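# Descriptive analysis of the structure
Below are the chains, spelled out letter by letter.
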There are 2 protein chains.
Amino acid sequence: MKKIMNLPENFVAESLDGIIKAHSARLMSPDKEHRIILSKNPSPHRKVAVVTAGGSGHLPTFLGYVGDGMLDGCAVGNIFASPSAGKMYEMIKAVDRGGGVFCLFGNYSGDSLNFQMACDYAALDNINTIQMTVKDDVASAPAYLSDKRRGIAGLVYAYKIAGAAADDMLSLDEVASITDEALHNIKSIGAALTPCIVPEAGKATFTICDDEIEIGMGIHGEPGIETKNLMPADTLADTLLDNILKEMPLADGDEVSVMVNGLGATPPEELYILYRRIFDRLHHMNVSIYMPHIGEFATSMEMAGCSLTVFKLSEKLKKYLLYPANTPFYTSLNK
Amino acid sequence: MKKIMNLPENFVAESLDGIIKAHSARLMSPDKEHRIILSKNPSPHRKVAVVTAGGSGHLPTFLGYVGDGMLDGCAVGNIFASPSAGKMYEMIKAVDRGGGVFCLFGNYSGDSLNFQMACDYAALDNINTIQMTVKDDVASAPAYLSDKRRGIAGLVYAYKIAGAAADDMLSLDEVASITDEALHNIKSIGAALTPCIVPEAGKATFTICDDEIEIGMGIHGEPGIETKNLMPADTLADTLLDNILKEMPLADGDEVSVMVNGLGATPPEELYILYRRIFDRLHHMNVSIYMPHIGEFATSMEMAGCSLTVFKLSEKLKKYLLYPANTPFYTSLNK
């Protein structure tokens, strides 16, 4: 296990400590173990706070999106594990301005159970909350079971829209409503070439042959829809895009944003080779791309692979996508 | 070889095509093969243009720093290979505003030979140029042979300072002078845990055992100063920092910027564990850190490992470090 770390049991605590030390001008943590990360100078205009939570090992997801224009806070769990309901509750109390707290997170059972409990506690303090789960991974369950689908890189677009809506001074219901509209138009699918190693476990999350690729692999190594022989980048791009278009057809004149996300060990050069094909396919359909995101947005430590997310835009969603944002891990100056 | 690509011989051309397609609002290329990448809307205030050149496989280095506040242009070679003198010359001609062109690049023989030739051609067109090489890698040669040292991640700080100096409307000589001052205060050293694979070669650049780390490894797999058993992150941080402090001692009250750079496959979580130790060491010495850079700035495709760069600041260098910059791969809003 070739990791740069001290004791495996300190992996998360020490990486969080490093993050707070690096970004102390913009992030703060009310707890000694840094399991709650808050924006230090949240927008004074927001009525609604937007928060998330999730396990470690996916940087910049989740805590990397805490900051101007995106999240007010994030509760942080161990590697690939939900944080506790207690930490989520503490975070919700810390960020509420009286306008309520929008809890936006990936559709994983631990996170969902704990957020439910945290919001129940918050209700006793008269804090309004709305919970919404991101379920963008089309490979994780068939369309008729879409409530079972997992959240992957599409989370980032959801944070962007919810954060911009909050910056636009919308109410809790309105922030939830526009984010829900966004989520119906955000579809993703991933592909993995190698597993990753959880520090405390010390062994690979799954095995895959040297000439194989797993289409639809989850970011915690959840099984995909099929294992195939390694294929050319253009064929991979087509496979991912076609799986998304099957559920969310695009037509002449449509506008989208596209995210080609690296899972950890895949170089940017390879992500741009994929993007090239996606661009050409969409261009041929006369679909316009706004603000393409190419890079590492939601990772699985040192896993090699990628995911594709397509976000179909309305005028309103486009406006919020283009709102400025500035966090330690994500900066957009578009307006 | 698990790479997301089509034909290996098209790897560079297709990744460049993807980059231009993704960032067409900010980058442009005057040649069909995109071997010259130019900033589309360079600052109208600059008298001097700042350019670089280098091989592919190191994204965001080199071309990722073309854009507002940093480089006017970059000539791009094949994987780990210098671009041609012809492309460099063409770039110099394209960016000159009459105030001269500052050519700032890593100290590699191919790049140096070709830039010399390109600048000789440019002189025939009455274009003033100054060439300066970055030699920040303290592991690549002893101090008494510092002219033989290679340029690694310290290049990014050099681009930042030269770009800010150009934005501050300094003359060619002045831009060169402040960049030279910066380079005397920028020291780096890397460590590799795994090799990477050049697409057209199809095999690893070197071999290293499962329980070993190579201290001082170059970004093309050049041998380091020693191969050691894998060590705790804090010991690695100390080893890297001590090698730098040996040449560039820091004292109570000094101000620095610090870059903890990932070589490709090392997750951000691990880079922050390293940063934590660097922060604690410098804090203990009463040395202040400005604008820490933690992430992937100069990579070797899918190589696992890291580099540490320390940049000792004067008031003037700090001012230029904090100047805003905005390229497709690097954004800083500090001012």
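In this text the structure is predicted, and so the values were computed from the model without any measurement.

Residues and elements named next belong to chain B. Here helix H6 (residues 233-247) spans 22 Å end to end across 15 residues, near enough to the 21 Å set by a 1.5 Å rise per residue. In terms of burial, H6 is a largely internal element, 11 of the 15 residues being buried. What H6 keeps buried is the set Ala233, Asp234, Leu236, Ala237, Asp238, Thr239, Leu240, Leu241, Asn243, Ile244 and Leu245. Lining the buried residues of H6 we find strand S7 (186-192), strand S8 (212-215), helix H7 (268-284) and strand S13 (305-312).

A few words on the confidence of the model for chain A. Per-residue confidence for chain A gives a mean pLDDT of 96; residues scoring 70 or more make up 99%. ipTM for the predicted complex: 0.97, alongside a pTM of 0.97.

For the pair chain A and chain B, the best superposition has an RMSD of 0.0 Å and corresponds to a rotation of 180° with a translation of 0.0 Å parallel to the axis. Look at the turn and shift together and you get a two-fold axis relating the two. The C-alpha atom lying nearest the rotation axis in chain A is that of A:Ala265; the distance is 2.0 Å. A shared interface surface links the copies, since 100% of the contact residues of chain A are contact residues in chain B too.

Turning our eyes to something else, we now look at the layout of surface pockets. What the second largest pocket holds in volume is close to 1000 Å³. In terms of lining residues, the second largest pocket is bounded by 36 residues, among which A:Thr194, A:Glu302, B:Thr194, B:Ala265 and B:Glu302 are the most central.

Residue and element names in this part refer to chain B. Summed over the entire model, instances satisfying the criterion amount to 18 aromatic pairs over all chains. Seen in terms of ring centroids, Tyr89 and Tyr121 are 5.3 Å apart; in terms of plane orientation they differ by 75°. Their pairing is edge-to-face. Here the residue Tyr89 occupies a position in helix H2 (residues 85-95), and Tyr121 occupies one in helix H3 (residues 109-124), the gap between them amounting to 32 residues. Judged by its relative accessible area of 19%, Tyr89 falls in the buried class. The exposure class of Tyr121 is partly exposed, given its relative accessible area of 35%.

Residues and elements named next belong to chain A. Turning to its location among the elements, Ala325 is positioned in strand S14 (residues 325-327). Under the relative-accessibility criterion, Ala325 is labelled buried at 3%. As a C-alpha pair, Ala325 and Met70 span 255 residues in sequence and 6.4 Å in three-dimensional space. Those residues in contact with Ala325 that sit more than four places away from it in its chain are Asp68, Gly69, Met70, Lys160, Tyr330, Thr331 and Ser332.

What follows is about the sheet that holds strand S3 (residues 49-56) of chain A. Residues and elements named next belong to chain A. Reading across the sheet, the six strands line up as S1-S2-S4-S3-S5-S6 and stay open at both edges, with mixed pairing between neighbours. Each edge of the sheet is formed by a strand with only one pairing partner; in this case those strands are strand S1 (27-28) and strand S6 (129-134). Pairing analysis gives three bridges linking S3 to strand S5 (residues 101-106), with the strands arranged parallel. Its bridge partner being in S5, Val51 is matched across the sheet by Cys103. In the packing of helix H3 (residues 109-124) onto the sheet, contacts are made with S3, S5 and S6, and the angle to S6 comes to roughly 170°. Across the sheet, helix H4 (residues 154-167) lies against S3, S5 and S6, angled at about 170° from S5, the strand it touches most.

Moving on, we come to the interface of chain A and chain B. Taken residue by residue, the interface counts 55 residues in chain A and 55 residues in chain B. Of all residues in chain A, A:Lys2, A:Ile4 and A:Glu269 bury the most surface against chain B, accounting for 20% of the area lost on that side. One can count eight salt bridges joining chain A with chain B. Here B:Asp17 and A:Arg276 are joined by a salt bridge, their closest N and O atoms 2.8 Å apart. Viewed at the interface, chain B and chain A are joined by 26 residue pairs in polar contact (both at pLDDT 80 or more).

Residues and elements named next belong to chain B. The interhelical angle for the contact between helix H4 (residues 154-167) and helix H5 (residues 172-183), taken along N-to-C directions, is 155°, at an axis separation of 9 Å. Considering their axes alone, H4 and H5 lie roughly antiparallel with respect to each other. Considering the relative orientation of H4 and H5, their crossing is right-handed. On H5, the residues that touch Ala158, Ile161, Ala162, Ala165 and Ala166 of H4 are Val175, Ile178, Thr179, Ala182 and Leu183. For the contact of H4 with H5, a count of residues per class yields nine nonpolar, one polar and no charged.

A few words on the sheet that holds strand S3 (residues 49-56) of chain B. Residue and element names in this part refer to chain B. What the six strands build is an open sheet, ordered S1-S2-S4-S3-S5-S6; its pairing is mixed. Two strands in the sheet have a free side with no partner beyond their single neighbour: strand S1 (27-28) and strand S6 (129-134). Pairing between S3 and strand S4 (residues 73-79): five bridges, direction parallel. Looking across to S4, one finds that Ala53 is bridged to Ala75.

This paragraph deals with the nonpolar core. The biggest cluster of nonpolar side chains holds 210 residues, and the ones touching the most others in it are A:Phe102, A:Leu236, B:Phe102 and B:Leu236. Aside from chain neighbours lying at most four places away, what touches A:Phe102 is A:Val48, A:Ala49, A:Val50, A:Val51, A:Ile130, A:Met132, A:Ala162, A:Leu172, A:Val175, A:Ala176 and A:Thr179.

Next up on the list: the packing of helix H1 (residues 11-22) of chain A against H7(B). Viewed as axis vectors pointing N to C, H1(A) and H7(B) meet at an angle of 65°, and their least axial separation amounts to 7 Å. Crossing geometry of H1(A) relative to H7(B) is assigned as left-handed. Across the interface between the two elements, A:Phe11, A:Glu14, A:Ser15, A:Asp17, A:Gly18, A:Ile19, A:Lys21 and A:Ala22 of H1(A) pack against B:Glu269, B:Glu270, B:Tyr272, B:Ile273, B:Tyr275, B:Arg276, B:Phe279 and B:Asp280 of H7(B). The class makeup of the residues in the contact of H1(A) with H7(B) is seven nonpolar, two polar and seven charged.

The next thing to look at is the environment of A:Val95. Residue and element names in this part refer to chain A. Position of Val95 relative to the elements: it lies in helix H2 (residues 85-95). Looking at Val95, the relative accessible area reads 9%, which means it is buried. Separated by 204 residues in the primary sequence, Val95 and Thr299 have C-alpha atoms spaced 27 Å apart.

For the α-helix, the turn length of 3.6 residues means that residues three or four positions removed from each other point alike. The complete set of buried residues in H2(B) reads B:Ala85, B:Lys87, B:Met88, B:Tyr89, B:Met91, B:Ile92 and B:Val95. Buried residues along H2(B) sit against strand S2 (36-39), S3, S4, strand S5 (101-106), H3 and S6 of chain B.

Another aspect to go through is unusual backbone geometry. Here A:Thr61 and A:Phe62 are connected by a cis peptide whose omega angle stands at 0°. Position of A:Phe62 relative to the elements: it lies in the loop between S3 and strand S4 (73-79). The phi dihedral of B:His34 falls on the positive side, at around 55°, and the residue is not glycine. Checked against the element boundaries, B:His34 lands in the loop between S1 and S2. In this structure, B:Met301 takes a positive phi of about 50° despite not being glycine. With respect to the helices and strands, B:Met301 occurs in the loop between strand S12 (293-295) and S13. A residue is classified by how much of its surface remains accessible, and B:Met301, at 1% relative accessible area, is buried.

About the thresholds
- Residues numbered from 1 in each chain as written.
- Chains lettered and ligands numbered in written order.
- Predicted model: local features only at pLDDT ≥ 70, side-chain atom pairs only at ≥ 80, totals over all residues.
- Heavy atoms only, no water.
- Helix = DSSP H or I, 4+ residues; strand = E, 2+ residues; numbered from the N terminus.
- Expected span 1.5 Å × (residues − 1).
- Buried < 20%, exposed > 50% of the residue type's maximum accessible area, 1.4 Å probe, protein only.
- Contact = heavy atoms within 4.5 Å.
- pLDDT = per-residue confidence, 0-100.
- Least-squares fit on C-alpha atoms with pLDDT ≥ 70 in both.
- 1 Å grid on protein atoms, 1.4 Å probe; cavity = no way out; pocket = protein on both sides within 12 Å on 5 of 7 lines; lining within 4 Å.
- Points joined across faces, edges and corners; volume = space filled by probe spheres on them.
- Phe/Tyr/Trp six-rings, centres within 6.5 Å; stacked < 30°, edge-to-face > 60°.
- Pairing = 2+ DSSP bridges.
- Axes fitted to C-alpha atoms, helices over the stretch in contact; angles between N-to-C directions.
- Buried area = accessible area lost by both parts, 1.4 Å probe.
- Salt bridge = Lys/Arg side-chain N within 4 Å of Asp/Glu carboxyl O.
- Polar contact = N/O pair within 3.5 Å; in protein donor to acceptor, adjacent residues only side chain to side chain.
- Parallel < 35°, antiparallel > 145°, perpendicular 65-115°, else oblique.
- Left-handed = near helix turned anticlockwise from the far one by under 90°.
- Nonpolar A, V, L, I, M, F, W, Y, C, P; charged D, E, K, R; others polar.
- Core = buried A, V, L, I, M, F, W, Y, C linked by side-chain atoms within 4.5 Å.

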